[in-house]
Amino acid sequence: MLSLSRQLAAFAFAVGFILPSLAFATNGYFGIGYGIKNRGMAGVAVADPKDSLATTANPAGMAFVGTRLDIGARLFIPKRQSAAKGALTLSADADTTGDSGATLFMVPNMGANVALGKWSVGFAMVGNGGMSTRYNFNFFNFGSPKLKDQALGVSLMQVLILPTVTYKVTPTQAFGIAPILGIQVFRAYGLEKFANVTFSAVPGRVTNNGNDWSYGAGARIGWMGKFLDGRLALGVTYATRVYMSPLTKYKGLFADGGDFDLPRNFAVGIAVKPIRRLTIGLDVQRIFFNEVHSIGNRHPAGSGGPKGLIAPPGQKLGTTGTGMGFGWRDQTAYKLGVSYEVNDRWTVRGGFDYGRSPVPTDQLLFNVLAPGIVTRHWTGGLTYHLSPASELSGSFMFAPRTTQICAYPACQTMLTYKKGDFIGAQMWQYSLGISYGLKF
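The structure contained in this document is the topic of the report that follows. A quick note: this is a predicted structure, and the numbers were derived from the prediction, not measured. (Residues numbered from 1 in each chain as written. Predicted model: local features only at pLDDT ≥ 70, side-chain atom pairs only at ≥ 80, totals over all residues. Heavy atoms only, no water.)

Moving on: the pairing of strand β10 (residues 265-275). Looking along a regular strand, one sees the side chains alternate between the two faces of the sheet. Bridge count between strand β8 (residues 232-239) and β10: eight bridges; the pairing is antiparallel. Paired with Val-236 across the two strands is Val-268, which belongs to β10. Pairing of β10 with strand β11 (residues 278-287) involves nine bridges; the strand directions are antiparallel. Residue Val-268 lies in a different strand from β11, and its bridge partner there is Val-284. Between the end of β10 and the start of β11, which pair antiparallel, lie two residues. (Pairing = 2+ DSSP bridges. Helix = DSSP H or I, 4+ residues; strand = E, 2+ residues; numbered from the N terminus.)

Further remarks concern the pattern of salt bridges. All chains considered together, the criterion is met by 10 salt bridges. A salt bridge links Arg-264 to Glu-291, with the shortest nitrogen-to-oxygen separation between them at 2.8 Å. Residue Arg-264 is found in the loop between α4 (255-258) and β10, and its partner Glu-291 is found in the loop between β11 and α5 (293-296); the two are separated by 27 residues along the sequence. For the salt bridge of Asp-353 with Lys-335, the shortest nitrogen-to-oxygen distance reads 3.1 Å. A residue pair is termed long-range when its members are at least 10 positions apart, and Asp-353 in strand β13 (residues 346-355) and Lys-335 in strand β12 (residues 331-341) qualify at 18 residues. Note on accessibility: Asp-353 and Lys-335 belong to one class, buried. When salt bridges that share partners are traced, they join Lys-37, Arg-68, Asp-70 and Glu-391 into one network. (Salt bridge = Lys/Arg side-chain N within 4 Å of Asp/Glu carboxyl O. Buried < 20%, exposed > 50% of the residue type's maximum accessible area, 1.4 Å probe, protein only.)

On to empty space enclosed by the protein. Summed over the entire model, instances satisfying the criterion amount to four cavities of 30 Å³ or more. In this structure, the largest cavity is lined by 27 residues; those nearest its centre are Tyr-34, Thr-56, Arg-220, Asn-265 and Gln-285. Elements represented by at least two residues in the lining of the largest cavity include exactly β4 (119-135), β5 (152-170), β10 and β11. A per-class count over the lining of the largest cavity returns 15 nonpolar, nine polar and three charged. (1 Å grid on protein atoms, 1.4 Å probe; cavity = no way out; pocket = protein on both sides within 12 Å on 5 of 7 lines; lining within 4 Å. Points joined across faces, edges and corners; volume = space filled by probe spheres on them. Nonpolar A, V, L, I, M, F, W, Y, C, P; charged D, E, K, R; others polar.)

Together, Val-114, Leu-116, Trp-119, Val-121, Val-165, Ile-177, Ile-221, Val-236, Tyr-238, Phe-266 and Val-268 give the surface a local cluster of nonpolar side chains, amounting to about 880 Å² of exposed area. Among the secondary structure elements, those contributing two or more residues to the nonpolar patch are β3 (105-116), β4, β8 and β10. Tracing the sequence through the fold places Leu-116 in strand β3. The exposure class of Leu-116 is partly exposed, given its relative accessible area of 49%. (Patch = residues over 30% accessible without salt bridge, like charges linked within 9 Å, V, L, I, M, F, W, Y side chains within 5 Å. Areas by Shrake-Rupley, 256 points an atom, 1.4 Å probe, with all protein chains shown as cover.)

Its volume calculated, the largest pocket comes out at about 650 Å³. For the largest pocket, the lining is made up of 30 residues, of which Asp-48, Pro-49, Lys-50, Lys-273 and Glu-341 are closest to its centre. For the lining of the largest pocket, the secondary-structure elements that each account for two or more residues are β7 (212-227), β8, β10, β11, β12, β13 and β14 (376-387). Its residues assigned to classes, the lining of the largest pocket comprises 10 nonpolar, seven polar and 13 charged.

See the structure below:
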């Protein structure tokens, strides 16, 4: 029989319609936005709440959306391709290119809010992020014919539940707080060549151990205010680190004995109405990926030659504090969105999101497993009001192809340590979403 915590996790995934192997990598592995409406504006929502998913960007925004229910889903189509040429791949004299499978996912979202005078209470349930790749060619075969055609990949799914309370200190200013309850599940396969004492502090907990569940909590707080008769809105929000229980089945893979916390982040936003029906919004978000050791710790780059076959002292996978990770740096995302009310029935939206790749070029080695490197996102959306109390919204997103290549001698790693060797990854994305909103 499942434990109570496992039952609760399974229930949360079932309620959220979460399907296997989600992958949301956009700003790193964070989504650019979580509601269909704000995704139409490239995720702009810190000072421009649209519905009960507003708490995912700024809990204070729930004070201005009224009593309502929202439920939606989107199809996400990420395309990933990686390539390597090096003495530790099966073919040292020819590049080996692999396209990841797992390219079609459904990502649900839901939320509700009840206005109670100066107070409001609500919640949202969303997929925060994840990464899922499956290569039919194993880049990490280290010259072993047995591993050449063995599948290589990872799957990470994360669901966040945000119960929310807001208080209006004046009719135009509000504070909000949302505890963050996190659930994640992870698995890895095809990493046999790292499951030894040369690379890992716990060799038996590196790969092929099935799904492992993890649970945790954090909090998001925020403020929002409207000024100049509603023509100007400002917002600021901060989310703590979400401290997750260790992924014990993979404590020999992730630093700190299987730790994979969600990084803290903060954002500021401004929304301006130059005319009554037009809103222009700008959000700036900072995500501190580097502070989570399993995400931010670097792996060897520049060790060169056969020395690259051995993890440096104190940096073995799974080691507390200094264990090798994905090498991600912190990321700043800039979101610009526009919304225009064509008439009482139709609203159209558009936006652009940009964030520099969190993956340094010399850290591509492990990141062929999860190349969250896209930098630009173009979005659009619309809402049709079925009645004064109900509406349908849709959105689309296109992230053009981003390519990163690290060649010898700039990349001297376990795969590249002679002239002509390289590691490369590229990614591009599409997304289509729809939601239904009901006002009370």
